[in-house]
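# Overview (structure and organization)
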Amino acid sequence: MKREKPEVALLTYSTFIILGCTFLASINFFNRYYYFLFLASFFFFITPYKRINFNSSFLILILFSLFILFFNPAFQTKFTSMLKPFVYPLCYLMGSSMYLNASKNDLQTAENNVKKIIYVLSGGLFTHYLLNMFVNLNATNRNAIDFWSKETMSATSQASLAALMVGVAAALLFSEVHWTKRIIAVVSFIVMVWYNLILAGRTLFALIAILMIFAVIHRSIVTKQKIFKTLLIGFLIVLVFICIYNINLFGLKTYLENTNLFKRFFENGISKSFILDTRINYKFLYLKHFFKYPFGGNKIKDLAGGKYAHDLYFDTYSESGIFAFIAIVIYIVLSLVRMVKCMRSKQISFETRQLIACIYIVVNIQFWLEPIITGMPWLLVSYAFIDGAVTYLLSMENKQTTKRSLRQTPRGETL
């Protein structure tokens, strides 16, 4: 048997440790996600025989972190707080570089590596969601207890833990994958909905609907399959559910009408709050005062009575100023360009393109709904790691395209 080269073995062990630390970070193990990210970074940098991919997106994230440090008082109180903003560029760097020196680096292997990263991060966040579900199964308050902190965690924050899994499940459900993956997708959706009946939130239901519609349309466009059959099956499933609900089969109607969700929105007819969101008023308030406080410090938040704008961009502006705002806008635009490149690729498999597109869409929707840097930094961390992995995938695709072009060039000619 051929023995594995020492450098290959070291890279394999290092990758395993990095992914393990990343998984623990995504679970927010003991409420210390950033400790595990720095531990992962430590193993990444001490591992020999590797290349590092420094690019413009990494530099922009470095600037973003520095602007947070300089202008946001919350990150100036102690040394560990000062280090926290730098998890974003570190995670992007690990995602884009950790597989560059893998023993096999063909496009198919690169796709599998990217999917591995996505599954680890989405699985970790969803595990946190499940842990919270088990703690709050009998909760009567939608703002239930977080498993790690033992403190009240808002329902929207808890639902956001399932966001990546929404993207994964929608992608798997409408791709040509093994039946076990589709079962995992269906079970994941059932669990999400079940716990969300306790959390009584609209966002998760909206995300599931949006991602499933996108996945169906994307598949029908790329594979040129007729969408009618899928829509008919979906319509029949909804019709069967309505019939089961109306006749109270298995006590479903009784169960649903005693949930926090039903009591919040439907107990006295359809509540206006089911359709309207008062948070939009705060977004307009932030927009109104946008140019008055360009250097952060939470001045606009104070004017809003301590209320967040509930999106990555306005909250970043209020907390860390206009330079951090510009940096994160540029980075997100560059990341979306990478998503489009993947979606348009003829060499990357449809399953991978579907998965990447669903992940990018669901996370970017969440960026418009919650105070990310203060409330959900792990979501931007996960996005940066996955985006780094997509950067690596595109570089592998570019190499394969170049090799193919060279093979097809007749002798004596130059490209």
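Residues numbered from 1 in each chain as written. Predicted model: local features only at pLDDT ≥ 70, side-chain atom pairs only at ≥ 80, totals over all residues. Heavy atoms only, no water.

### Topic: the overall build of the protein chain
- Across its full length, the protein chain holds 19 helices and 0 strands.
- The C-alpha radius of gyration computed for the protein chain amounts to 23 Å, which stays within 12% of the reference 22 Å derived for 415 residues, consistent with globular compactness.
- Per-residue burial for the protein chain yields a buried fraction of 49% across its 415 residues.
- By sequence separation, contacts in the protein chain at least 24 residues apart represent 71% of the contacts at least 6 residues apart.
- For the protein chain, the exposed area adds up to about 20800 Å²; of that, 68% sits on carbon and sulfur atoms.
- Distance from the positive charge centre (41 side chains) to the negative charge centre (19 side chains) of the protein chain: 4 Å. (Helix = DSSP H or I, 4+ residues; strand = E, 2+ residues; numbered from the N terminus. Rg over C-alpha atoms; globule rule 2.2 N^0.38 Å. Buried < 20%, exposed > 50% of the residue type's maximum accessible area, 1.4 Å probe, protein only. Contact = heavy atoms within 4.5 Å. Areas by Shrake-Rupley, 256 points an atom, 1.4 Å probe, with all protein chains shown as cover. Lys, Arg positive; Asp, Glu negative; His and termini not counted. Charge placed at Lys NZ, Arg CZ, Asp CG, Glu CD.)

### Some remarks on the packing of aromatic side chains
- With the rule as written, the count across this model stands at 28 aromatic pairs.
- Seen from their ring centres, Tyr34 and Tyr35 are 4.8 Å apart, and the 85 degrees between their planes marks the pair as edge-to-face.
- One aromatic cluster is present, formed by Phe29, Phe30, Phe36, Phe147 and Trp148 through successive ring pairs. (Phe/Tyr/Trp six-rings, centres within 6.5 Å; stacked < 30°, edge-to-face > 60°.)

### What to know about helix H2 (residues 33-46)
- The end-to-end C-alpha distance of H2 is 21 Å, a good match for the 20 Å that 14 residues give at a rise of 1.5 Å each.
- Tyr33, Tyr34, Phe36, Leu37, Ala40, Ser41 and Phe44 are the residues of H2 that are buried. For H2, the arc enclosing every buried residue in end-on projection is 160 degrees, short of the 170-degree limit, so these residues lie on one face. (Expected span 1.5 Å × (residues − 1). Arc of directions from axis to C-beta.)

### So, the nonpolar core
- Formed by 111 residues in total, the largest nonpolar core has its most connected members in Phe64, Met192 and Phe367.
- Tallying contributions element by element places helix H19 (residues 377-408) first for this core, with 14 residues.
- Once residues within four sequence positions are removed from consideration, Met192 is found in contact with Phe126, Tyr129, Ala162, Met165, Val166, Leu204 and Ile208.
- In this structure, Leu197, Ala200, Leu261 and Phe262 belong to the second largest nonpolar core, which totals 6 residues. (Core = buried A, V, L, I, M, F, W, Y, C linked by side-chain atoms within 4.5 Å.)

### What about a nonpolar patch on the surface?
- Judged by side-chain polarity, Phe228, Leu232, Phe235, Leu236 and Leu239 come together as a nonpolar surface patch covering roughly 510 Å² of accessible area.
- As for its position among the elements, Leu232 is in helix H11 (residues 228-246). (Patch = residues over 30% accessible without salt bridge, like charges linked within 9 Å, V, L, I, M, F, W, Y side chains within 5 Å. Salt bridge = Lys/Arg side-chain N within 4 Å of Asp/Glu carboxyl O.)

### Some remarks on unusual backbone geometry
- One non-glycine residue, Phe30, adopts positive backbone phi at about 50 degrees.
- Mapped onto the fold, Phe30 is located in the loop between helix H1 (6-27) and H2.
- Positive phi is not limited to glycine here, since Ala200 has a value of about 55 degrees.
- Secondary-structure assignment places Ala200 in the loop between helix H9 (179-199) and helix H10 (203-223).

### Re the packing of helix H6 (residues 107-135) against H9
- Running from N to C, H6 and H9 cross one another at 40 degrees; their axes reach a closest spacing of 11 Å. Accordingly, the angle class assigned to the pair H6 and H9 is oblique. Two packed elements cross with a definite hand, and for H6 against H9 that hand is left-handed. Across the interface between the two elements, Tyr119, Phe126, Tyr129, Leu130, Asn132 and Met133 from H6 touch Lys181, Ser188, Val191, Met192, Trp194, Tyr195, Asn196 and Leu199 from H9. (Axes fitted to C-alpha atoms, helices over the stretch in contact; angles between N-to-C directions. Parallel < 35°, antiparallel > 145°, perpendicular 65-115°, else oblique. Left-handed = near helix turned anticlockwise from the far one by under 90°.)

### Comments concerning helix H8 (residues 163-173)
- The buried fraction of H8 amounts to 11 of the 11 residues, a majority that puts the element mostly inside the structure.
- Within the span of H8, buried status applies to Ala163, Leu164, Met165, Val166, Gly167, Val168, Ala169, Ala170, Ala171, Leu172 and Leu173.

### Focus on the pattern of salt bridges
- Across all of its chains, the model carries 4 salt bridges by this definition.
- Where Lys283 meets Asp311, a salt bridge forms, and the shortest distance between an N and an O atom there is 3.1 Å. Here Asp311 lies in the loop between helix H15 (299-303) and helix H16 (312-344) and Lys283 lies in helix H14 (residues 279-288), a separation of 28 residues in the sequence.
- On the basis of relative accessible area, Asp311 is assigned to the buried category, the value being 0%.

### Some thoughts on the side chain of Thr352
- Within the secondary structure, Thr352 is located in helix H17 (residues 350-367).
- Among the polar contacts made by the side chain of Thr352, one reaches the side chain of Ser349 at a distance of 3.0 Å. (Polar contact = N/O pair within 3.5 Å; in protein donor to acceptor, adjacent residues only side chain to side chain.)

### Looking at the state of the cysteines
- On inspection of all chains with the given rule, the structure shows 0 disulfides.
- For the unlinked cysteine Cys91, the closest cysteine sulfur is that of Cys21, found at 11 Å.
- Sulfur of Cys358: no disulfide; nearest cysteine sulfur belongs to Cys342 and is 13 Å away. (Disulfide = S-S within 2.5 Å.)

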